[in-house]
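Single-letter residue listing:
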Amino acid sequence: MNRTWWKEAVIYQIYPRSFMDSNGDGIGDLKGITGRLDYLKYLGIDVIWLSPVYKSPNDDNGYDISDYQAIMDEFGTMEDFDELLAKAHEKGIKIVMDLVVNHTSDEHPWFMESRKSKDNEYRDYYIWRDGKGEKTPPNNWGSCFGGSAWEYDETTDMYYLHLFSKKQPDLNWDNPEVRNQVFSMMTWWCEKGIDGFRMDVISMISKTREMPDGKINGLYGDYGPYCVHGPNVHSYLQEMNEKVLSKYDIMTVGETAGVTTELAKQYAGENTHELNMVFQFEHVEGDGKYGKWTDERIPLTTLKKTLSRWQTELYDKAWNSLFWNNHDQPRAVSRFGDDRTQYRAVSAKMLATCLHMMQGSPYIYQGEELGMTNYPFESPADFRDIESINAYREWCESGRVPHEIFWPCIIRKSRDNARTPMQWDDSPQAGFTTGTPWIPVNPNYSEINAKAETADPDSIFHYYKKLIALRKQNPVMVYGKYEPLLEESEDLFVYTRTLDDEKLLVVCNFTDKEVPFTIPGAFMGAPCLIANLENRYDKQNITLRPYEAFVLHCK
């Protein structure tokens, strides 16, 4: 297995709008991030993944880009970006940009030209189709954010495809000029000195030419078979690799919804010349009652089976990315741990242990290292996220599902849970801003904040700091082979990692109850590498306390 810097890196995702506001307008910005680099250096991370900072009208918080080579007004200037990049590099921290090229904003100059006439030179930059009849879309596909995936445009009496918001028209990657423009823009950023790309919904850039009705899934037809892992996606990524990625020592990770382990080996295989790794979402999807919305937990056996399959089937063939949460997912400790009792901190540490001991590159989402929790939403007026707003409208206000049944589902999984401001200290607005934040601060900031946790050696923050340091000292954590144990247990997640003569035993209790456990004979007497509770692993038969986690290290 090839050893590389990005396999050994720990990545920290920043959602700029919510990280740190430097000028009091209530919106996080680039200068705010620059001012907090010492915090990230102290934590020990290697790479910052920066959610989009490009010019955007913000229909989808920056994932609708109107200029790929300019900075969003609220976030600052290109000079601010250059300063951030330079100061991060001075501290040994790399910067990975979010690349959003499945679609643009409808305010991008390409689309503004494209919609002017059928013979405009930019017409074929996007996907236009005639309707089936009077005000009837070309097919029944639904958008990810609710409603039809087609928007009627009066100027030319045709529809354009938007798999997300109607203000996010999909690019036509079958047009070689689109690909050339995208590759030129990527080269521009690489020449500026960035260290890689996280590629938004990159598995959706190739669509079939035929666009029939999809199987009804919820309220609309499913576009998946025609737009995800499409016919030319691998050739387009190989072309991207040849023309851009291979020329720089950078890290690439593709967001690939619906990916299987077999497909992941194509996207991120050691020798397929596409991407370094992909994000798969099996462990955070598939539990919905109403589309993606549910108030139920994923059973531990299901979670283990999914994560173990990715660990074993990609071993020596492709590289895993490891995460519990991101800007599109609810808070990890609220979803997989216990955020409402005395077990919040210990369960957050357990989750960190479970993830960081697996093979792959770990991603920490801002505030995860503090054990930040879901927000206590009280009404739909609290939402800022277009997906949550549209979902409540479609499922509840339409009368399909009563409020009292749907509300627990949407507040559990709303993307806004991840987007509340970073909790820096116990001053007003959690030290995020001196103004009014664009989205409310979680009221628990007085007890959960970076100032308190960096000062407390027993905090979640310092536990993450230790995990990151251990990863740099122990190649077995990075490259060791994974083997699951106790696969049928609904309480314990147990596995080993092996590299040459070294072995790790990782034991995690995912419940709030005591669970008996027998330490395998090979690990008896082995030193404890890390534990989230007081160390006492010198007996073979032990009783694990609620959310207890520990790792034994055999050499």
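Residues numbered from 1 in each chain as written. Predicted model: local features only at pLDDT ≥ 70, side-chain atom pairs only at ≥ 80, totals over all residues. Heavy atoms only, no water.

A. Up close: the overall build of the protein. Within the protein, the secondary structure is distributed over 17 helices and 22 strands. Taken over C-alpha atoms, the radius of gyration comes to 23 Å for the protein, in line with the 24 Å a tight globule of 555 residues would show. Structurally, the protein occupies a C-alpha span of about 75 × 50 × 50 Å along its principal axes. Across the protein, the fraction of contacts at a sequence separation of at least 24, relative to all contacts at a separation of at least 6, is 70%. For the protein, the accessible surface area stands at approximately 21,000 Å², while carbon and sulfur atoms represent 46% of it. Once the 60 positive and 85 negative side-chain charges of the protein are each reduced to a mean point, those two points are 3 Å apart. (Helix = DSSP H or I, 4+ residues; strand = E, 2+ residues; numbered from the N terminus. Rg over C-alpha atoms; globule rule 2.2 N^0.38 Å. Contact = heavy atoms within 4.5 Å. Areas by Shrake-Rupley, 256 points an atom, 1.4 Å probe, with all protein chains shown as cover. Lys, Arg positive; Asp, Glu negative; His and termini not counted. Charge placed at Lys NZ, Arg CZ, Asp CG, Glu CD.)

B. View of the side chain of Arg412. Position of Arg412 among the secondary structure elements: in helix H14 (residues 403-413). Residue classification places Arg412 among the buried residues on the basis of a relative accessible area of 16%. Engagement of the side chain of Arg412 in a polar contact is seen with the backbone oxygen of Arg335, the distance being 3.1 Å. In this structure Arg412 touches Thr294, Asp295, Glu296, Arg297, Pro330, Ser334, Arg335, Asn374 and Asn417, once residues within four positions along its chain are discounted. (Buried < 20%, exposed > 50% of the residue type's maximum accessible area, 1.4 Å probe, protein only. Polar contact = N/O pair within 3.5 Å; in protein donor to acceptor, adjacent residues only side chain to side chain.)

C. The arrangement of the environment of Met357 in detail. Inspection of the secondary structure assignment puts Met357 in the loop between helix H12 (344-356) and strand E15 (361-365). Met357 sits 194 residues away from Val551 along the chain, and the two C-alpha atoms are 8.6 Å apart. Setting aside residues up to four positions removed in sequence, Met357 forms contacts with Leu467, Met477, Tyr495, Arg497, Leu504, Val506, Leu529, Ile530 and Val551.

D. View of the sheet that holds strand E16 (residues 481-485). Here we have 5 strands laid out as an open sheet, ordered E16-E17-E18-E22-E20, and antiparallel in their pairing. With partners counted over all chains shown, the strands left at the sheet margins are E16 and strand E20 (528-531), one partner each. Geometrically, the sheet is characterised by an average inter-axis angle of 15° between neighbouring strands, direction not taken into account. Here 8 bridges tie strand E17 (residues 492-499) to strand E18 (residues 502-509), and the two strands are oriented antiparallel to one another. (Pairing = 2+ DSSP bridges. Axes fitted to C-alpha atoms, helices over the stretch in contact; angles between N-to-C directions.)

E. Spatial organisation of the pattern of salt bridges. Here the structure, examined in full by the defined rule, presents 34 salt bridges. Between Asp213 and Lys132 there is a salt bridge whose closest N-O contact spans 3.1 Å. Within this pair, whereas Asp213 is found in the loop between strand E9 (196-199) and strand E10 (216-217), its partner Lys132 is found in the loop between strand E6 (128-129) and strand E7 (150-153), the two being separated by 81 residues in sequence. Among the ionic pairs, Glu548 bridges to Arg536, the shortest N-O distance being 2.9 Å. Pair noted here: Glu548 is in the loop between strand E21 (541-544) and strand E22 (549-554) and Arg536 is in the loop between E20 and E21, with a separation of 12 residues, a long-range link. Among the charged side chains, a salt-bridge network with shared partners connects Asp60, Lys292, Asp328, Asp385, Glu387, Arg415 and Arg419. (Salt bridge = Lys/Arg side-chain N within 4 Å of Asp/Glu carboxyl O.)

F. Spotlight on the packing of helix H4 (residues 78-90) against helix H6 (residues 176-192). With their axes 11 Å apart at the nearest point, H4 and H6 run at an angle of 55° to one another. Comparing the axis directions of H4 and H6 gives the class oblique. Residues Met78, Phe81, Asp82 and Leu85 of H4 form the contact with H6, whose own contacting residues are Trp188, Trp189 and Lys192. Broken down by class, the residue content of the contact of H4 with H6 amounts to 5 nonpolar, no polar and 2 charged. (Parallel < 35°, antiparallel > 145°, perpendicular 65-115°, else oblique. Nonpolar A, V, L, I, M, F, W, Y, C, P; charged D, E, K, R; others polar.)

G. Highlighting the nonpolar core. If you look at the biggest cluster of nonpolar residues, it comprises 142 residues, and the most contacted ones within it are Leu50, Met186 and Phe197. Leaving out residues up to four positions away in the same chain, Phe197 has contacts with Val96, Met97, Leu99, Met186, Trp189, Cys190, Leu245, Ile250, Met251, Thr252 and Val253. Counting residues in each nonpolar core, the second largest holds 17 residues, with Trp141, Phe145, Leu161 and Tyr226 among its members. (Core = buried A, V, L, I, M, F, W, Y, C linked by side-chain atoms within 4.5 Å.)

H. Summary view of the environment of Leu163. Position of Leu163 among the secondary structure elements: in the loop between strand E8 (158-161) and H6. According to the relative accessible area criterion, Leu163 is buried, its value standing at 0%. Separated by 46 residues in the primary sequence, Leu163 and Ser117 have C-alpha atoms spaced 22 Å apart. In this view, Leu163 contacts Ser143, Cys144, Ala149, Asp170, Met204, Lys207, Tyr223 and Cys227; residues no more than four positions away in its chain are not counted.

I. Seen up close, the pairing of E7. Both E7 and E8 contribute to a ladder of 4 bridges, which runs antiparallel. Residue pairing in the sheet places Tyr152 in a bridge with Tyr159 of E8. Remark: 4 residues form the turn of the hairpin made by E7 and E8, two consecutive strands paired antiparallel; Asp157 in that turn has positive phi of roughly 55°.

J. Inspection of the sheet that holds E7 at higher detail. What the 3 strands build is an open sheet, ordered E6-E8-E7; its pairing is antiparallel. With partners counted over all chains shown, the strands left at the sheet margins are E6 and E7, one partner each.

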